[in-house]
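Chains, contacts and geometry: an overview
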Amino acid sequence: RYLVSGADDKTVRIWDLALGKLLRVLRLPIEEGNDGKVNAVAISPDGKTIACGGWTGSVSEKFSIYVFERENGRLYRRIAGLHEVILHLAYSPDGRFLVASMGGKNGIRLYRTGDYAQVSEDRRYGSDSYGADFAVASGPDVSNLLATSADDGFLRLYEVRANGSLRLVIKKSAP
């Protein structure tokens, strides 16, 4: 029902898909240059929450992910202290987790959406990670599968346990 877009103009826009109408513009803290450019946006499966990130910080302040209420545009959470630019965000199908793909050799971070606390990470990446997506899994203690891609040439598949821990299932060189 909704589409969320982020851009180099340092805005996040929320659209009504049925009407093709812009509903709201969200703005992150901005500075000169790249600071404030939005590389990554995600909308929760229930459509109530929007997470966004990108060049959202500085070397001294670090980078942040901002979490907004879609309905009224209220910022209600800032996940601060990340060491590199945020390149991609995705919510799990059940809405319990948010994954952030990071620049550099910083890999991925997994957050529990109940309180947006970090529950897992994998920093063993050789370069920027630009993609991550979830699939529903069925099995004891495994709630989701998570696939990621990175400029180091590898595709990775993880099991996401109910408690948010990650288990790398396979790491394979991309064809």
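First, a word on scope: everything that follows refers to the structure included in this document.

Conventions and cut-offs
- Residues numbered from 1 in each chain as written.
- Predicted model: local features only at pLDDT ≥ 70, side-chain atom pairs only at ≥ 80, totals over all residues.
- Heavy atoms only, no water.
- Pairing = 2+ DSSP bridges.
- Helix = DSSP H or I, 4+ residues; strand = E, 2+ residues; numbered from the N terminus.
- Axes fitted to C-alpha atoms, helices over the stretch in contact; angles between N-to-C directions.
- Core = buried A, V, L, I, M, F, W, Y, C linked by side-chain atoms within 4.5 Å.
- Buried < 20%, exposed > 50% of the residue type's maximum accessible area, 1.4 Å probe, protein only.
- Contact = heavy atoms within 4.5 Å.
- Phe/Tyr/Trp six-rings, centres within 6.5 Å; stacked < 30°, edge-to-face > 60°.
- Lys NZ or Arg CZ within 6 Å of the ring centre and 35° of its normal.

**Considering the sheet that holds strand β1 (residues 2-6)**
Taken in spatial order, the 3 strands of this open sheet run β1-β2-β3, and their pairing is antiparallel. Two strands lie at the open edges of the sheet, namely β1 and β3 (21-27), each paired on one side alone. Direction aside, neighbouring strands of the sheet carry axes that sit 20° apart on average. Strand direction decides the pairing type here: β1 and strand β2 (residues 11-16), joined by 5 bridges, are antiparallel. Each bridged residue has a counterpart across the sheet, and for Val 4 the counterpart in β2 is Ile 14.

**Notes on the sheet that holds strand β8 (residues 86-91)**
On the basis of which strands lie adjacent, the open sheet formed by 4 strands has the order β8-β9-β10-β11 and antiparallel pairing. With partners counted over all chains shown, the strands left at the sheet margins are β8 and β11 (117-122), one partner each. Across the sheet, the axes of successive neighbouring strands diverge by a mean angle of 20°, strand direction being ignored. Looking at chain direction, β8 and strand β9 (residues 97-102) are connected through 5 bridges and run antiparallel.

**Some remarks on the nonpolar core**
Soluble globular proteins: nonpolar side chains tend toward being buried together. Ranked by internal contacts, the top residues of the largest apolar core, which has 18 residues, are Ile 65, Ile 86, Leu 89 and Leu 98. Listed by contribution, the elements that provide at least two residues to this core are β4 (38-43), β6 (62-69), β7 (75-82), β8 and β9. Tallying contributions element by element places β8 first for this core, with 4 residues. Sequence-distant contacts of Ile 86, defined by excluding residues within four places in its chain, comprise Asn 39, Ala 40, Gly 53, Gly 54, Thr 56, Phe 63, Ser 64, Ile 65, Ser 101 and Met 102.

**Some remarks on the packing of aromatic side chains**
In this description, an aromatic ring pair is defined by two values, namely the gap between the centres and the angle between the planes. A full pass over the atoms with the stated rule returns 2 aromatic pairs. For the pair Tyr 76 and Tyr 116, a centre-to-centre distance of 6.5 Å together with 75° between the ring planes defines the contact as edge-to-face. On the criterion of sequence distance, the pair formed by Tyr 76 in strand β7 and Tyr 116 in the loop between β10 (108-112) and β11 is long-range, its members being 40 residues apart. Directly above the ring of Tyr 125 sits Arg 156, whose terminal nitrogen or CZ lies 3.6 Å from the centroid. One cation-aromatic arrangement involves Lys 171 over Phe 154; the distance from NZ or CZ to the ring centre is 4.5 Å.

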